Amino acid sequence: MSNAPAIRLAGVGKVFATESGGSVTALANVDLKVMAGEFVALIGPSGCGKSTILRLVAGLDQPSEGTVSVHGGAPEALSRAHKQGFAFQDAALLPWLDVRDNVAMPFR
C-alpha cells in the first residue's frame, strides 16, 4: 500500500457568488488527507461545507483556490475514466445542463 493519500485537499477554498452580486466563502484554507482504506466522516452543522468538499472530490465543482487530488490525479479525470462516481442523496438534475446533458452525464 502506498504512503500517498487517496484523497488530498491542499489549501482549498471555495467562494460562491450570490444573486445580489456578493459572495459567500464556503471553505477557506482546507487541508485534508484520506489514506486508502481509511474511513472518514464529515460532521458539522448545515452550511459548514461538508457537501462542498464532497462535490470538489467528485469533480462536480472546482476549488476557488488550492488543489484537490484523488489517487494523485484530478477528480474530473477519474470521473471521465469511469473510475469514480457520485450518488446524490435525492434525485437531482444539474441546473446548468439541459435535459440531454443531464441524461448523458453517466456516459461521460
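Quick note: structure is the one above.
Thresholds, definitions, all that
Residues numbered from 1 in each chain as written. Predicted model: local features only at pLDDT ≥ 70, side-chain atom pairs only at ≥ 80, totals over all residues. Heavy atoms only, no water. Pairing = 2+ DSSP bridges. Helix = DSSP H or I, 4+ residues; strand = E, 2+ residues; numbered from the N terminus. Axes fitted to C-alpha atoms, helices over the stretch in contact; angles between N-to-C directions. Contact = heavy atoms within 4.5 Å.

Caption draft 1: Spotlight on the sheet that holds strand S3 (residues 65-70). Strand order across the open sheet formed by three strands is S2-S1-S3, with antiparallel pairing between neighbours. Across the chains shown, the open sheet's two edge strands, defined by having one partner strand only, are strand S2 (23-34) and S3. For this sheet, the mean inter-axis angle between neighbouring strands, taken without regard to orientation, is 25°. When strand S1 (residues 7-17) meets S3, the two strands line up antiparallel, connected through five bridges. Bridging from a neighbouring strand, Leu9 pairs with Val68 of S3. Each of S1, S2 and S3 touches helix H1 (residues 50-58); the most contacted strand, S1, lies at about 115° to it.

Caption draft 2: View of the environment of Pro75. As for its position among the elements, Pro75 is in helix H2 (residues 75-80). For the pair formed by Pro75 and Glu38, sequence separation is 37 residues and the distance between their alpha carbons is 18 Å. Beyond its immediate sequence surroundings of up to four residues, Pro75 is in contact with Leu56, Val57, Ala58, Gly59, Val68, Val70 and Gln84.

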